[in-house]
Amino acid sequence: MGLHEQYGLTHVINARGPFTPLGVSRSERGVAVATAQALGEFFVMEEVLDLADRVLAGATGAEAGTVVHCTSSAITLAVAAAMAGTSPERIAALPDTSGMASRVVLPAGHAVHYGHPLVQDIRLAGAVPVVTGTVDECTVDALERELSRPGTACLVLVSSRLVRGAEVPLADAVAAAHRHGVPVVVDGAAQDFRIAELLATGADLVLVSGQKYLGSPTAGIVVGRADRVQAVRAQEKGIGRAMKASKEAVLGVLAALHVRQETDLGAWRRAQEDKVERFVERAGALRGVRAAPAPDPTGLPFPRVSLHVTATGTGPDATALAHALRAGSPAIWVMDHRQGDGELLLELVPLTDPEIDTVLDRLAELLA
Ligand SMILES: *Cc1c(COP(=O)(O)O)cnc(C)c1O
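Analysis parameters
- Residues numbered from 1 in each chain as written.
- Predicted model: local features only at pLDDT ≥ 70, side-chain atom pairs only at ≥ 80, totals over all residues.
- Heavy atoms only, no water.
- Helix = DSSP H or I, 4+ residues; strand = E, 2+ residues; numbered from the N terminus.
- Rg over C-alpha atoms; globule rule 2.2 N^0.38 Å.
- Contact = heavy atoms within 4.5 Å.
- Areas by Shrake-Rupley, 256 points an atom, 1.4 Å probe, with all protein chains shown as cover.
- Lys, Arg positive; Asp, Glu negative; His and termini not counted.
- Charge placed at Lys NZ, Arg CZ, Asp CG, Glu CD.
- Near = heavy atom within 4 Å.
- Polar contact = N/O pair within 3.5 Å; in protein donor to acceptor, adjacent residues only side chain to side chain.
- Nonpolar A, V, L, I, M, F, W, Y, C, P; charged D, E, K, R; others polar.
- Pairing = 2+ DSSP bridges.
- Axes fitted to C-alpha atoms, helices over the stretch in contact; angles between N-to-C directions.

Colleague: What's the story with the overall build of the protein chain in this structure? I'm lost.
Modeller: Helix and strand counts for the protein chain stand at 14 helices and 12 strands. A compact globule built from 368 residues would reach a C-alpha radius of gyration of about 21 Å, and the protein chain, at 22 Å, matches this within 12%. Principal-axis analysis of the C-alpha atoms places the extent of the protein chain at approximately 65 × 50 × 35 Å. The long-range fraction of contacts in the protein chain, counting pairs at least 24 apart against all pairs at least 6 apart in sequence, stands at 70%. As presented, the protein chain carries roughly 17000 Å² of accessible surface, and 52% of it is formed by carbon and sulfur atoms. Separation between the mean location of the 33 positive side-chain charges and that of the 42 negative ones in the protein chain comes to 3 Å.

Colleague: Sorry, what's going on with the site of the ligand here?
Modeller: Near the ligand the following residues occur: T20, C70, T71, S72, Y114, S160, D187, A189, S209, Q211 and K212. The backbone of T71 places a nitrogen or oxygen atom 2.9 Å from an oxygen atom of the ligand. For the ligand, an oxygen atom lies 2.8 Å from a polar atom in the side chain of S209. About the coverage of the ligand: the protein hides 90% of its 380 Å² of free accessible area. Class assignment for the residues of the shell around the ligand results in three nonpolar, six polar and two charged.

Colleague: Help me understand the sheet that holds strand β9 (residues 289-295), please; the structure alone is not making it clear to me.
Modeller: By definition, the strands of a sheet pair up through backbone hydrogen bonds, in either a parallel or an antiparallel sense. Strand order in the open sheet made by the three strands is β9-β10-β12, with antiparallel pairing throughout. What marks the edges here is a single partner per strand, and that holds for β9 and β12 (343-346). Along the sheet, successive strands turn relative to each other by an average axial angle of 25°, direction set aside. Of the strand pairs in this sheet, strand β10 (residues 303-309) and β12 are connected by four bridges, and their pairing is antiparallel. From the neighbouring strand, S306 faces β12, where its bridge partner is L345. Running at roughly 15° to β10, helix α12 (residues 265-283) makes contact with β9, β10 and β12 of the sheet.

Colleague: Hey, could you run me through the sheet that holds strand β3 (residues 103-107) in this one?
Modeller: Strand order in the open sheet made by the seven strands is β2-β8-β7-β6-β5-β3-β4, with mixed pairing throughout. Two strands lie at the open edges of the sheet, namely β2 (64-68) and β4 (128-132), each paired on one side alone. For this sheet, the mean angle separating the axes of adjacent strands, direction not counted, is 25°. Sheet analysis places β3 next to β4, joined by five bridges and oriented parallel. What sits directly across from P107, in β4, is T132. On top of the sheet, helix α4 (residues 71-84) reaches β2, β3, β5 (152-158), β6 (184-187), β7 (205-209) and β8 (220-224); it is set at about 160° to β7, its chief contact. Relative to β2, helix α10 (residues 226-234) is tilted by about 25°, and along the sheet it contacts β2, β7 and β8.

Below is the structure:
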(Lines give C-alpha, C1' and ligand atoms only; values in the text may rest on other atoms or scores of the structure.)
Protein backbone atom coordinates (compact mmCIF):
# COMPACT_ATOMS: atom_id res chain seq x y z
CA MET A 1 0.00 0.00 0.00
CA GLY A 2 1.34 3.44 -0.90
CA LEU A 3 1.49 6.38 1.51
CA HIS A 4 -1.53 8.06 -0.12
CA GLU A 5 -3.74 5.03 0.58
CA GLN A 6 -2.25 4.43 4.03
CA TYR A 7 -2.98 7.99 5.20
CA GLY A 8 -5.85 8.95 2.91
CA LEU A 9 -3.82 11.70 1.14
CA THR A 10 -4.79 13.37 -2.12
CA HIS A 11 -3.18 11.92 -5.24
CA VAL A 12 -1.51 14.72 -7.20
CA ILE A 13 -0.29 15.07 -10.76
CA ASN A 14 2.19 17.93 -10.56
CA ALA A 15 2.44 19.81 -13.87
CA ARG A 16 3.34 22.99 -11.99
CA GLY A 17 7.11 22.55 -11.74
CA PRO A 18 9.20 22.23 -8.57
CA PHE A 19 6.46 23.70 -6.38
CA THR A 20 7.08 23.51 -2.62
CA PRO A 21 3.41 23.11 -1.56
CA LEU A 22 3.24 19.92 -3.66
CA GLY A 23 6.43 18.25 -2.41
CA VAL A 24 8.68 19.90 -5.03
CA SER A 25 10.18 17.03 -7.07
CA ARG A 26 10.67 13.31 -7.51
CA SER A 27 14.02 11.80 -6.53
CA GLU A 28 15.74 9.11 -8.56
CA ARG A 29 15.99 5.69 -6.95
CA GLY A 30 19.76 6.08 -6.33
CA VAL A 31 19.08 9.28 -4.37
CA ALA A 32 16.35 7.62 -2.30
CA VAL A 33 18.65 4.68 -1.52
CA ALA A 34 21.55 6.92 -0.43
CA THR A 35 19.18 8.96 1.72
CA ALA A 36 17.75 5.85 3.37
CA GLN A 37 21.25 4.49 4.02
CA ALA A 38 22.34 7.77 5.61
CA LEU A 39 19.35 7.68 7.96
CA GLY A 40 20.60 4.41 9.49
CA GLU A 41 24.15 5.55 10.19
CA PHE A 42 26.26 7.93 12.29
CA PHE A 43 28.83 10.22 10.73
CA VAL A 44 31.31 12.89 11.74
CA MET A 45 29.24 15.69 10.22
CA GLU A 46 32.25 17.97 9.78
CA GLU A 47 33.77 15.24 7.59
CA VAL A 48 30.53 14.92 5.59
CA LEU A 49 30.47 18.70 5.01
CA ASP A 50 34.17 18.70 4.03
CA LEU A 51 33.34 15.97 1.51
CA ALA A 52 30.39 18.01 0.20
CA ASP A 53 32.76 20.98 -0.14
CA ARG A 54 35.13 18.99 -2.37
CA VAL A 55 32.38 17.33 -4.42
CA LEU A 56 30.52 20.61 -5.00
CA ALA A 57 33.73 22.37 -6.02
CA GLY A 58 34.52 19.56 -8.46
CA ALA A 59 31.00 19.46 -9.88
CA THR A 60 30.51 23.21 -10.32
CA GLY A 61 34.00 24.65 -10.80
CA ALA A 62 33.50 26.88 -7.75
CA GLU A 63 36.27 27.25 -5.16
CA ALA A 64 34.11 25.73 -2.46
CA GLY A 65 30.62 24.63 -1.52
CA THR A 66 28.42 23.63 1.37
CA VAL A 67 24.87 22.53 2.11
CA VAL A 68 22.33 24.17 4.40
CA HIS A 69 18.66 23.48 4.99
CA CYS A 70 17.23 25.13 1.85
CA THR A 71 17.74 28.18 -0.38
CA SER A 72 15.58 30.36 1.83
CA SER A 73 17.93 29.65 4.75
CA ALA A 74 20.94 29.93 2.42
CA ILE A 75 19.89 33.55 1.69
CA THR A 76 19.65 34.29 5.42
CA LEU A 77 23.01 32.62 6.09
CA ALA A 78 24.79 34.26 3.15
CA VAL A 79 23.62 37.65 4.47
CA ALA A 80 24.67 36.67 8.01
CA ALA A 81 28.07 35.63 6.65
CA ALA A 82 28.46 38.99 4.88
CA MET A 83 27.76 40.82 8.15
CA ALA A 84 29.50 38.60 10.72
CA GLY A 85 32.18 36.82 8.71
CA THR A 86 33.80 34.19 10.93
CA SER A 87 33.89 36.37 14.08
CA PRO A 88 32.55 34.19 16.95
CA GLU A 89 31.26 37.28 18.79
CA ARG A 90 29.40 38.60 15.78
CA ILE A 91 28.03 35.17 14.90
CA ALA A 92 26.72 34.76 18.45
CA ALA A 93 25.21 38.27 18.44
CA LEU A 94 23.05 37.93 15.30
CA PRO A 95 20.32 38.92 14.57
CA ASP A 96 21.53 41.87 16.66
CA THR A 97 23.70 43.66 14.09
CA SER A 98 25.03 46.46 16.33
CA GLY A 99 28.39 47.62 14.96
CA MET A 100 28.06 45.63 11.73
CA ALA A 101 27.40 46.75 8.16
CA SER A 102 23.81 45.60 7.72
CA ARG A 103 22.39 47.18 4.55
CA VAL A 104 21.52 44.58 1.91
CA VAL A 105 20.88 46.07 -1.52
CA LEU A 106 18.64 44.41 -4.10
CA PRO A 107 16.81 45.55 -7.25
CA ALA A 108 13.07 46.01 -6.66
CA GLY A 109 12.21 43.50 -9.40
CA HIS A 110 14.35 40.92 -7.56
CA ALA A 111 12.39 41.28 -4.32
CA VAL A 112 10.42 38.22 -5.41
CA HIS A 113 7.69 36.36 -3.59
CA TYR A 114 8.12 32.60 -3.83
CA GLY A 115 5.59 31.65 -1.15
CA HIS A 116 6.91 34.34 1.15
CA PRO A 117 8.79 37.58 0.44
CA LEU A 118 12.52 37.11 -0.20
CA VAL A 119 13.24 40.29 1.80
CA GLN A 120 12.10 38.39 4.89
CA ASP A 121 15.07 36.00 4.45
CA ILE A 122 17.29 39.10 4.61
CA ARG A 123 15.49 40.55 7.64
CA LEU A 124 15.72 37.20 9.44
CA ALA A 125 19.51 37.64 9.68
CA GLY A 126 18.96 41.08 11.28
CA ALA A 127 19.86 42.94 8.08
CA VAL A 128 17.95 45.81 6.48
CA PRO A 129 16.84 45.25 2.86
CA VAL A 130 17.44 48.30 0.65
CA VAL A 131 15.06 47.73 -2.26
CA THR A 132 16.37 49.84 -5.15
CA GLY A 133 14.73 51.24 -8.29
CA THR A 134 11.19 50.29 -9.25
CA VAL A 135 9.63 46.94 -10.07
CA ASP A 136 9.74 47.98 -13.75
CA GLU A 137 13.32 49.16 -13.84
CA CYS A 138 16.49 49.29 -11.76
CA THR A 139 19.61 50.50 -13.56
CA VAL A 140 23.12 49.44 -12.62
CA ASP A 141 23.81 53.13 -11.87
CA ALA A 142 20.96 53.21 -9.35
CA LEU A 143 22.32 50.05 -7.73
CA GLU A 144 25.82 51.50 -7.65
CA ARG A 145 24.61 54.62 -5.85
CA GLU A 146 23.20 52.42 -3.06
CA LEU A 147 26.23 50.11 -3.05
CA SER A 148 28.55 53.07 -2.48
CA ARG A 149 26.84 54.10 0.76
CA PRO A 150 28.54 53.17 4.04
CA GLY A 151 27.26 50.19 5.99
CA THR A 152 26.48 48.03 2.94
CA ALA A 153 26.90 44.31 3.70
CA CYS A 154 26.10 42.73 0.34
CA LEU A 155 24.12 42.82 -2.88
CA VAL A 156 21.47 40.15 -3.45
CA LEU A 157 20.45 39.28 -7.01
CA VAL A 158 17.91 36.71 -8.16
CA SER A 159 17.83 34.49 -11.24
CA SER A 160 14.27 33.21 -11.54
CA ARG A 161 11.25 33.41 -13.79
CA LEU A 162 9.67 35.27 -10.83
CA VAL A 163 11.92 38.32 -11.40
CA ARG A 164 9.95 41.31 -12.72
CA GLY A 165 10.68 44.32 -14.90
CA ALA A 166 13.52 45.18 -17.24
CA GLU A 167 16.43 42.77 -16.97
CA VAL A 168 19.27 43.74 -14.62
CA PRO A 169 22.49 42.50 -16.31
CA LEU A 170 23.88 40.31 -13.54
CA ALA A 171 27.58 40.51 -14.45
CA ASP A 172 27.40 44.34 -14.62
CA ALA A 173 25.64 44.50 -11.24
CA VAL A 174 28.29 42.18 -9.74
CA ALA A 175 31.08 44.35 -11.15
CA ALA A 176 29.44 47.47 -9.68
CA ALA A 177 29.27 45.84 -6.25
CA HIS A 178 32.88 44.72 -6.44
CA ARG A 179 33.99 48.28 -7.33
CA HIS A 180 32.80 49.17 -3.81
CA GLY A 181 34.17 46.05 -2.12
CA VAL A 182 30.66 44.67 -1.63
CA PRO A 183 30.15 40.89 -1.99
CA VAL A 184 27.32 39.51 -4.15
CA VAL A 185 24.92 36.67 -3.45
CA VAL A 186 22.83 35.22 -6.30
CA ASP A 187 19.64 33.35 -5.45
CA GLY A 188 19.38 30.81 -8.27
CA ALA A 189 17.03 28.47 -6.42
CA ALA A 190 15.63 26.61 -9.45
CA GLN A 191 18.70 27.22 -11.61
CA ASP A 192 20.82 24.16 -10.78
CA PHE A 193 21.24 23.58 -14.54
CA ARG A 194 22.80 27.05 -14.83
CA ILE A 195 25.21 27.14 -11.85
CA ALA A 196 28.29 27.62 -14.06
CA GLU A 197 26.61 30.52 -15.87
CA LEU A 198 25.67 32.19 -12.57
CA LEU A 199 29.19 31.71 -11.16
CA ALA A 200 30.55 33.25 -14.36
CA THR A 201 28.84 36.55 -13.43
CA GLY A 202 31.58 36.87 -10.80
CA ALA A 203 29.16 36.46 -7.89
CA ASP A 204 30.76 35.54 -4.57
CA LEU A 205 28.06 33.01 -3.70
CA VAL A 206 25.45 31.21 -5.79
CA LEU A 207 22.58 29.49 -3.99
CA VAL A 208 20.44 26.71 -5.47
CA SER A 209 17.86 24.31 -4.08
CA GLY A 210 18.83 20.64 -4.18
CA GLN A 211 15.19 19.54 -4.11
CA LYS A 212 14.15 21.36 -7.30
CA TYR A 213 15.44 20.00 -10.65
CA LEU A 214 18.38 18.19 -9.04
CA GLY A 215 15.95 15.93 -7.16
CA SER A 216 17.74 15.62 -3.81
CA PRO A 217 16.07 15.82 -0.40
CA THR A 218 15.38 19.42 0.68
CA ALA A 219 18.74 21.20 0.70
CA GLY A 220 20.26 24.62 0.03
CA ILE A 221 23.44 24.30 -2.01
CA VAL A 222 25.91 27.16 -1.53
CA VAL A 223 28.85 27.46 -3.92
CA GLY A 224 31.39 30.19 -4.59
CA ARG A 225 34.45 31.79 -3.07
CA ALA A 226 36.16 29.68 -0.40
CA ASP A 227 36.29 32.42 2.26
CA ARG A 228 32.60 33.26 1.78
CA VAL A 229 31.55 29.61 1.93
CA GLN A 230 33.66 29.24 5.09
CA ALA A 231 31.81 32.21 6.60
CA VAL A 232 28.45 30.57 5.75
CA ARG A 233 29.59 27.36 7.43
CA ALA A 234 30.72 29.33 10.49
CA GLN A 235 27.14 30.52 11.05
CA GLU A 236 26.21 27.01 12.26
CA LYS A 237 27.41 28.17 15.70
CA GLY A 238 24.87 31.00 15.49
CA ILE A 239 21.54 31.45 13.72
CA GLY A 240 22.57 28.67 11.30
CA ARG A 241 21.77 26.09 13.97
CA ALA A 242 18.12 26.42 12.97
CA MET A 243 18.98 26.09 9.28
CA LYS A 244 21.37 23.13 9.19
CA ALA A 245 21.31 20.40 6.58
CA SER A 246 20.58 16.90 7.86
CA LYS A 247 23.00 14.04 7.18
CA GLU A 248 20.48 12.48 4.78
CA ALA A 249 20.11 15.78 2.92
CA VAL A 250 23.88 16.24 2.43
CA LEU A 251 24.41 12.64 1.32
CA GLY A 252 21.27 12.87 -0.82
CA VAL A 253 22.73 15.94 -2.56
CA LEU A 254 25.93 14.04 -3.29
CA ALA A 255 23.90 11.15 -4.77
CA ALA A 256 21.84 13.59 -6.85
CA LEU A 257 25.00 15.28 -8.17
CA HIS A 258 26.24 11.84 -9.17
CA VAL A 259 22.98 11.13 -11.04
CA ARG A 260 23.27 14.52 -12.80
CA GLN A 261 26.87 13.79 -13.84
CA GLU A 262 25.84 10.43 -15.27
CA THR A 263 22.98 12.01 -17.24
CA ASP A 264 23.47 12.66 -20.96
CA LEU A 265 22.06 16.20 -20.92
CA GLY A 266 21.64 16.35 -24.71
CA ALA A 267 19.51 13.19 -24.69
CA TRP A 268 17.60 14.39 -21.61
CA ARG A 269 16.83 17.67 -23.31
CA ARG A 270 15.59 15.96 -26.49
CA ALA A 271 13.39 13.66 -24.37
CA GLN A 272 11.81 16.73 -22.72
CA GLU A 273 11.24 18.39 -26.11
CA ASP A 274 9.66 15.20 -27.51
CA LYS A 275 7.37 14.88 -24.50
CA VAL A 276 6.16 18.48 -24.94
CA GLU A 277 5.79 18.05 -28.72
CA ARG A 278 3.63 14.93 -28.34
CA PHE A 279 1.49 16.67 -25.73
CA VAL A 280 1.03 19.73 -27.94
CA GLU A 281 0.04 17.55 -30.88
CA ARG A 282 -2.61 15.70 -28.88
CA ALA A 283 -3.87 18.86 -27.15
CA GLY A 284 -4.19 20.47 -30.59
CA ALA A 285 -7.17 18.18 -31.24
CA LEU A 286 -9.10 19.59 -28.25
CA ARG A 287 -11.79 22.26 -28.55
CA GLY A 288 -11.36 25.61 -26.81
CA VAL A 289 -7.56 25.59 -26.43
CA ARG A 290 -4.49 26.36 -28.53
CA ALA A 291 -1.35 24.46 -27.51
CA ALA A 292 2.27 25.36 -28.21
CA PRO A 293 5.72 24.70 -26.70
CA ALA A 294 7.00 27.57 -24.53
CA PRO A 295 10.71 28.01 -23.73
CA ASP A 296 11.77 28.77 -20.15
CA PRO A 297 12.36 32.53 -19.76
CA THR A 298 15.54 32.02 -17.68
CA GLY A 299 17.14 29.60 -20.13
CA LEU A 300 16.45 26.30 -18.37
CA PRO A 301 17.03 23.47 -20.85
CA PHE A 302 13.45 22.36 -21.46
CA PRO A 303 10.18 23.78 -22.82
CA ARG A 304 6.75 23.78 -21.17
CA VAL A 305 3.33 23.39 -22.74
CA SER A 306 1.45 26.65 -23.19
CA LEU A 307 -2.32 26.27 -23.35
CA HIS A 308 -4.20 29.34 -24.57
CA VAL A 309 -7.78 28.91 -23.44
CA THR A 310 -9.98 30.49 -26.08
CA ALA A 311 -13.15 30.34 -23.92
CA THR A 312 -15.83 30.45 -26.56
CA GLY A 313 -19.50 29.97 -25.64
CA THR A 314 -19.99 27.54 -22.78
CA GLY A 315 -16.37 26.36 -22.40
CA PRO A 316 -14.38 27.23 -19.25
CA ASP A 317 -11.92 30.12 -19.23
CA ALA A 318 -8.31 29.55 -18.10
CA THR A 319 -9.07 30.20 -14.42
CA ALA A 320 -12.07 27.87 -14.40
CA LEU A 321 -10.12 25.20 -16.26
CA ALA A 322 -7.20 25.30 -13.78
CA HIS A 323 -9.68 25.13 -10.93
CA ALA A 324 -11.53 22.16 -12.43
CA LEU A 325 -8.24 20.30 -13.01
CA ARG A 326 -7.29 20.78 -9.35
CA ALA A 327 -10.73 19.77 -8.11
CA GLY A 328 -10.67 16.33 -9.76
CA SER A 329 -9.07 13.10 -8.63
CA PRO A 330 -6.14 12.82 -9.01
CA ALA A 331 -5.74 16.57 -8.48
CA ILE A 332 -3.92 18.07 -11.49
CA TRP A 333 -1.92 21.23 -10.74
CA VAL A 334 -0.72 23.47 -13.55
CA MET A 335 1.07 26.85 -13.62
CA ASP A 336 -1.67 29.46 -13.35
CA HIS A 337 0.32 32.73 -12.97
CA ARG A 338 -0.79 33.79 -16.48
CA GLN A 339 -4.38 32.60 -16.20
CA GLY A 340 -5.57 36.22 -16.18
CA ASP A 341 -4.25 36.45 -19.76
CA GLY A 342 -6.01 33.22 -20.70
CA GLU A 343 -2.88 31.07 -20.58
CA LEU A 344 -2.01 27.99 -18.53
CA LEU A 345 1.47 26.46 -18.56
CA LEU A 346 2.24 22.80 -17.92
CA GLU A 347 5.66 21.54 -16.92
CA LEU A 348 6.00 17.89 -17.90
CA VAL A 349 9.54 17.18 -16.62
CA PRO A 350 8.65 14.80 -13.74
CA LEU A 351 5.48 13.34 -15.32
CA THR A 352 5.18 9.70 -16.39
CA ASP A 353 3.43 8.72 -19.65
CA PRO A 354 0.33 7.43 -17.80
CA GLU A 355 0.13 10.76 -15.91
CA ILE A 356 0.35 12.66 -19.19
CA ASP A 357 -2.47 10.48 -20.59
CA THR A 358 -4.56 11.30 -17.51
CA VAL A 359 -3.99 15.04 -17.97
CA LEU A 360 -5.01 14.88 -21.65
CA ASP A 361 -8.09 12.74 -20.85
CA ARG A 362 -9.19 15.21 -18.20
CA LEU A 363 -8.65 18.19 -20.51
CA ALA A 364 -10.76 16.42 -23.15
CA GLU A 365 -13.57 15.84 -20.63
CA LEU A 366 -13.51 19.42 -19.31
CA LEU A 367 -13.38 21.01 -22.77
CA ALA A 368 -15.95 18.70 -24.38
C1 LIG B 1 12.15 28.06 -4.51
C2 LIG B 1 12.78 29.39 -4.40
C3 LIG B 1 13.40 29.80 -3.21
C4 LIG B 1 13.32 28.99 -1.95
O5 LIG B 1 13.98 27.77 -2.05
P6 LIG B 1 13.83 26.73 -0.87
O7 LIG B 1 14.93 25.74 -1.14
O8 LIG B 1 12.46 26.16 -0.96
O9 LIG B 1 14.01 27.47 0.41
C10 LIG B 1 14.07 31.00 -3.19
N11 LIG B 1 14.12 31.80 -4.28
C12 LIG B 1 13.53 31.44 -5.43
C13 LIG B 1 13.64 32.37 -6.61
C14 LIG B 1 12.83 30.24 -5.54
O15 LIG B 1 12.26 29.89 -6.69
